[in-house]
Amino acid sequence: MKTIVLVSLIFCCACSSYLKTKRSKNIIYNQNANKIVAKKDLLKLNIFVPRKNKAPKDVLVFIHGGNWTSGNKSLYSFFGNRMAAKGIVTVVIDYTLSPKANYERMAFESAQSIKWIKENIKNYGGNPDKIIVSGHSAGGHLGALIAFDNRYFDSLQIDNPIKGVVLIDAAGLDMYTYLKENPFGKKDSYRETFSSDPKRWKAASAITHLKKGIPPVLQYLGEKTYPSLISSNNDFHKAIIKIYPETKLIIQKNKKHIPMITQFLAVRNKRYGEIIGFIKGVGRE
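Described below are features of the structure shown in this document. (Residues numbered from 1 in each chain as written. Predicted model: local features only at pLDDT ≥ 70, side-chain atom pairs only at ≥ 80, totals over all residues. Heavy atoms only, no water.)

**Structural notes on the pattern of salt bridges**
In step 1: Evaluation of the coordinates by the stated rule reveals twelve salt bridges.
In step 2: Two residues, D129 and K118, come together in a salt bridge whose shortest N-O distance is 2.9 Å. Highlighted residues: D129 in strand β5 (residues 126-136) and K118 in helix α3 (residues 103-120), separated in sequence by eleven residues.
In step 3: Residue classification places K118 among the partly exposed positions, given a relative accessible area of 31%.
In step 4: Linked by salt bridges that have partners in common, E104, D149, R151 and R200 make up one network. (Salt bridge = Lys/Arg side-chain N within 4 Å of Asp/Glu carboxyl O. Helix = DSSP H or I, 4+ residues; strand = E, 2+ residues; numbered from the N terminus. Buried < 20%, exposed > 50% of the residue type's maximum accessible area, 1.4 Å probe, protein only.)

Following this line, the structure appears as structure tokens:
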């Protein structure tokens, strides 16, 4: 009975957002004329667009979490629908998971998706010059990494198009420190994702790539999330405010890790307004 009630509530909350948006789903983003990609390796994204979309809208790209080993874009359609209903063209992407891919491949694929968005989003009513990236957990790691380490976009032969970053209980911001303090177990998935090489752990850490000229950041952190995330997010914030003193770290009371993303099921969650305010403010003098 509780499950039926919960599903009913989610459906009712989703109705108004669903009616206000248009959706284009399962669009392949890693296929091009110069490279044949096997069908099993094709990667896709979903686009959510406001129905009333006369002028080009700002674009938010969401990268899902799942400890780099699980998750998919379809689980986050609620986020895309709600953001689009509030006037933001929203794109939710998939990427190859560990152990099939390591973090570098995941980051490269995330950058590939943004290259596709940059080149095509105007056909869906989005502004290709105003792309913001967001992610929860491992998705936050990938979003921050490609925003700050230009080698991923350099490999695609384009300038980094990311104008801002929204981190939602992000993991992996300092994988070097985490892996130094938490040695691998015999069957640890992190060995496949990040290797056993400390140099690659540093390269995988967004905190390593902080420098002048990086996009501005908005951080969210759950008060009761995992201790390692609390530590790394606080360290990251201390480092980034040396570059952008105005960077906000919003700590949400009593929130654990999963509720940090499921809170967005609530259409009236005030986080939406904060994120949209951040997006609108990016690029202003």
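**Points about the side chain of T90**
In step 1: The topology assignment puts T90 in strand β4 (residues 89-93).
In step 2: Here I88 takes part through its backbone oxygen, which lies 3.1 Å from a polar atom of the side chain of T90.
In step 3: If near-sequence neighbours (up to four positions away) are discounted, T90 is found in contact with N46, I47, F48, L60, G80, M83 and A84. (Polar contact = N/O pair within 3.5 Å; in protein donor to acceptor, adjacent residues only side chain to side chain. Contact = heavy atoms within 4.5 Å.)

**Observations concerning the nonpolar core**
In step 1: Counting 57 residues, the largest nonpolar core has L45, I47, W68, I117, F148, F194 and F236 as the members making the most contacts within it.
In step 2: Among all residues touching F148, those that are not within four sequence positions of it are V165, A206, H209, L210, K211, I214, P215, V217 and F236.
In step 3: Formed by 25 residues, the second largest nonpolar core is a distinct cluster that contains L60, I88, V92 and I168. (Core = buried A, V, L, I, M, F, W, Y, C linked by side-chain atoms within 4.5 Å.)

**Some thoughts on the packing of helix α2 (residues 77-85) against helix α11 (residues 270-281)**
The relative placement of two packed helices comes down to the angle between their axes together with the axis-to-axis distance.
In step 1: Following both chains from N to C, one finds α2 and α11 inclined at 65°, their axes separated by 11 Å at the closest point. At the point where α2 passes α11, the crossing takes the right-handed sense. Within the contact between the two elements, α2 uses F78, F79, R82 and M83 and α11 uses Y272, I275, I276 and I279. (Axes fitted to C-alpha atoms, helices over the stretch in contact; angles between N-to-C directions. Left-handed = near helix turned anticlockwise from the far one by under 90°.)

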